[in-house]
Amino acid sequence: MNFTYQSLPGTIYFGAGQLNNLADIIRRTGGNRLFVIAEARNAEVVATIRAEFGDENVCQFSDVVQHVPRTVVDAALAVAQAFRPDLLVAIGGGSAIGLAKGIALATKWPILAIPTTYAGSEMTNVYGISADGQKVVGRDDAVLPKAVIYDPSLTATMPVSLAATSAMNAMAHLIEAVYAHNINPVTYAVALLGIRKLREGMEQLIAEKSLVGANEKIQFGAYLAGKSLCEVAMSLHHKAAHVLGGSFGLEHAALHTALLPYVLDFQLPALSPELVGDLNTTLDTRHSAQKLRDLADAMGAKTNLADIGFQAGDSPKAADLILRTPFNNPRLISRDHLIGLLQQAHDGRLSD
Ligand code: NAD
């Protein structure tokens, strides 16, 4: 065995009741004067923080916008710089956490992330900021949250429709981790465990038609997904999702859901029989791409690009944007291949 593995720092507080220790966790993370990024939905948590730290030590910013527009980062940065916090507290989905990352990139202030979806941004040193119809993605350890609180009470409030696509977003991180060009045995094992937890959680959600029982399992899988996303390189699926989300304004989690089965279907012929076997065993199926689409479908999610607003005529432009900068991928991909794949995803066609 011969490998390189880098585990990034960060403290994880996982489980029901962790939010009861919020003030304590904030102090342990070094926070006394707090810039809190949270939409109105999380007013109760923000009220707890205000009660503990005093109004004068808490500044809330609520204007969270998906795909983190540069204009919103600049507006938040101006308010934050005037307030001079010692900790950024981001409560919300990937968009709230992404905004905190945009501020941390400029200021190096530490982040405490409290995710309310399964997107996984809280575990990564990756940031994405959109401007002029494009999303610029980069890596910088300054944006990696110093601590993360996963309390299932916050994800349990997602409507099933959002939980379904958000769980598929997490699944996409894990699928692309196992076939990453720089995979190592540690991340591989973690990613397979994450896939198993997500699959079991999704099956429970489908059987019970409710997130209540399934939530903690899916949230644990989502934590492992964010961890895997950060430890190895992502491939075609993530490249395509960033381009389609940033340039065509498609909803992030819905897009991951509607794209993933077709990208995996495309990659399968280039994967080793052992890897395909591991995916099939973990997903409890003989056709992993089909299984992903069946799970998404049974959760009520949309499973093709046409249904989430992507126009077939945009495929060549999207292909050009995706191929504009090089990326690693298990299967070689030409422009024609990619246009064909986008067409298949648009129509909802898997190979036989
Ligand atoms: P989001 O944060 O935009 O949230 C989606 C919607 O769900 C919003 O309307 C939000 O208000 C709502 N919402 C959030 N939590 C909820 C809850 N508990 N109950 C009810 N509604 C809730 O979407 P997302 O999918 O969490 O994150 C997407 C963003 O995160 C994208 O910009 C994506 O690029 C980014 N992202 C970044 C990374 C990274 O490593 N940098 C990883 C994953 C995602």
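Everything that follows concerns the structure shown earlier in this document.
Since this is a predicted model, take the numbers as computed values, not measurements.

About the thresholds
- Residues numbered from 1 in each chain as written.
- Predicted model: local features only at pLDDT ≥ 70, side-chain atom pairs only at ≥ 80, totals over all residues.
- Heavy atoms only, no water.
- Buried < 20%, exposed > 50% of the residue type's maximum accessible area, 1.4 Å probe, protein only.
- Helix = DSSP H or I, 4+ residues; strand = E, 2+ residues; numbered from the N terminus.
- Axes fitted to C-alpha atoms, helices over the stretch in contact; angles between N-to-C directions.
- Parallel < 35°, antiparallel > 145°, perpendicular 65-115°, else oblique.
- Left-handed = near helix turned anticlockwise from the far one by under 90°.
- Contact = heavy atoms within 4.5 Å.
- Nonpolar A, V, L, I, M, F, W, Y, C, P; charged D, E, K, R; others polar.
- Phe/Tyr/Trp six-rings, centres within 6.5 Å; stacked < 30°, edge-to-face > 60°.
- Lys NZ or Arg CZ within 6 Å of the ring centre and 35° of its normal.
- Pairing = 2+ DSSP bridges.
- Right-handed = clockwise from strand over helix to strand, strands pointing away.
- Patch = residues over 30% accessible without salt bridge, like charges linked within 9 Å, V, L, I, M, F, W, Y side chains within 5 Å.
- Areas by Shrake-Rupley, 256 points an atom, 1.4 Å probe, with all protein chains shown as cover.
- Salt bridge = Lys/Arg side-chain N within 4 Å of Asp/Glu carboxyl O.
- Near = heavy atom within 4 Å.
- Polar contact = N/O pair within 3.5 Å; in protein donor to acceptor, adjacent residues only side chain to side chain.
- Core = buried A, V, L, I, M, F, W, Y, C linked by side-chain atoms within 4.5 Å.
- Expected span 1.5 Å × (residues − 1).
- Arc of directions from axis to C-beta.

Draft legend 1. Expanded view of helix H12 (residues 288-298). Regarding H12, the residues found buried are Ser288, Ala289, Lys291, Leu292, Arg293, Leu295 and Ala296. Positive phi shows up at Gly300, right after H12, with a value of about 90°.

Draft legend 2. Representation of the packing of helix H7 (residues 185-208) against helix H8 (residues 215-231) within the structure. At a minimum axis distance of 8 Å, the contact between H7 and H8 shows a crossing angle of 150°. Viewed along their axes, H7 and H8 adopt a mutual orientation that is roughly antiparallel. Considering only the axes of H7 and H8, their crossing is left-handed. Here Thr187, Val190, Ala191, Leu193, Gly194, Lys197, Leu198, Glu200, Gly201, Met202, Gln204 and Leu205 of H7 lie close against H8, whose contacting residues are Lys217, Ile218, Phe220, Gly221, Ala222, Leu224, Lys227, Ser228 and Glu231. Residues belonging to the contact of H7 with H8 are distributed by class as follows: 10 nonpolar, six polar and five charged.

Draft legend 3. Expanded view of the environment of Gln18. Within the secondary structure, Gln18 sits in the loop between strand E1 (11-14) and helix H1 (22-28). Sequence separation of Gln18 and Pro152 is 134 residues, and the distance between their C-alpha atoms is 9.0 Å. Once you skip the residues sitting within four places of it in the chain, Gln18 turns out to touch Tyr13, Ile25, Ile149, Tyr150 and Asp151.

Draft legend 4. Geometry of the packing of aromatic side chains. Applying the stated criterion across every chain, the model contains seven aromatic pairs. For the pair Phe14 and Tyr150, a centre-to-centre distance of 5.7 Å together with 40° between the ring planes defines the contact as tilted. Here the residue Phe14 occupies a position in strand E1, and Tyr150 occupies one in strand E8 (residues 147-150), the gap between them amounting to 136 residues. Classification of Phe14 as partly exposed rests on a relative accessible area of 26%. Relative accessible area serves as the criterion here: at 1%, Tyr150 is assigned to the buried category. Seen from their ring centres, Phe35 and Phe61 are 6.2 Å apart, and the 35° between their planes marks the pair as tilted. Taken as a pair, Phe35 in strand E2 (residues 34-38) and Phe61 in strand E3 (residues 58-61) lie far apart in primary sequence, 26 residues in all. Summarising the burial analysis for this pair, Phe35 and Phe61 share the class buried. A network of ring pairs unites the aromatic residues Phe14, Tyr150, Phe220 and Tyr223 as a single cluster. Lying over the aromatic face of Phe266, Arg331 brings its terminal NZ or CZ to 4.2 Å of the ring centre.

Draft legend 5. Local environment of the pairing of E3. Taken together, the four bridges between E2 and E3 define a ladder with parallel strand orientation. Within E3, the position partnered with Ile37 by the bridge is Phe61. At this point the chain moves from E2, through helix H2 (residues 43-53), to the parallel E3, and the crossover so formed is right-handed.

Draft legend 6. Expanded view of a nonpolar patch on the surface. A cluster of nonpolar side chains, namely Met1, Phe3 and Val186, defines an oily patch on the protein surface of about 350 Å² accessible area. Of note, Val186 is situated in helix H7. According to the relative accessible area criterion, Val186 is partly exposed, its value standing at 31%.

Draft legend 7. Spotlight on the site of the ligand. Inspection of the region around the ligand gives 22 residues, with Ser95, Thr116, Thr117, Thr124 and Lys135 positioned closest. Here an oxygen atom of the ligand and a side-chain polar atom of Thr124 are 2.6 Å apart. His252 has a polar side-chain atom sitting 3.5 Å from an oxygen atom of the ligand. When residues in the shell around the ligand are grouped by element, the largest group, three residues, is from helix H4 (residues 94-107). In terms of residue class, the shell around the ligand is built from seven nonpolar, 11 polar and four charged.

Draft legend 8. Quick look at the nonpolar core. Core analysis: the biggest nonpolar cluster contains 71 residues, and Tyr118, Met171, Ile175, Ile195, Leu244, Leu264 and Leu305 have the highest contact counts within it. When residues of this core are assigned to their parent elements, the largest contribution, 11 residues, is made by helix H6 (residues 160-178). Setting aside chain neighbours within four positions, we find Ile195 in contact with Met171, Leu174, Ile175, Val178, Leu279, Thr282 and Leu283. Formed by 32 residues, the second largest nonpolar core is a distinct cluster that contains Phe61, Ala80, Ile97 and Met123.

Draft legend 9. Expanded view of helix H14 (residues 335-347). Taking 1.5 Å of rise per residue, the 13 residues of H14 would be expected to cover 18 Å, and the 18 Å separating its terminal C-alpha atoms lies within 8% of that figure. Here H14 has its buried residues at Leu338, Ile339, Leu341, Leu342, Ala345 and His346. All buried residues of H14 fall inside an arc of 160° around its axis, so they share one side. For H14, the elements touching its buried residues are helix H9 (236-248), helix H10 (252-267) and helix H13 (315-323). Phi turns positive one or two residues past the end of H14, at Gly348, with a value near 80°.

Draft legend 10. How the structure looks around the packing of H10 against H14. Where H10 contacts H14, the two axes come as close as 9 Å, and the packing angle between them is 135°. For the element pair H10 / H14, the angle class is oblique. The handedness of the crossing between H10 and H14 is right-handed. Of the residues in H14, those in contact with Ala258, Leu259, Tyr262, Val263, Asp265 and Phe266 of H10 are His337, Leu341, Gln344 and Ala345. Considering only residue class, the contact of H10 with H14 consists of seven nonpolar, two polar and one charged.

So far we have only geometry, and geometry alone does not tell us how the molecule works.
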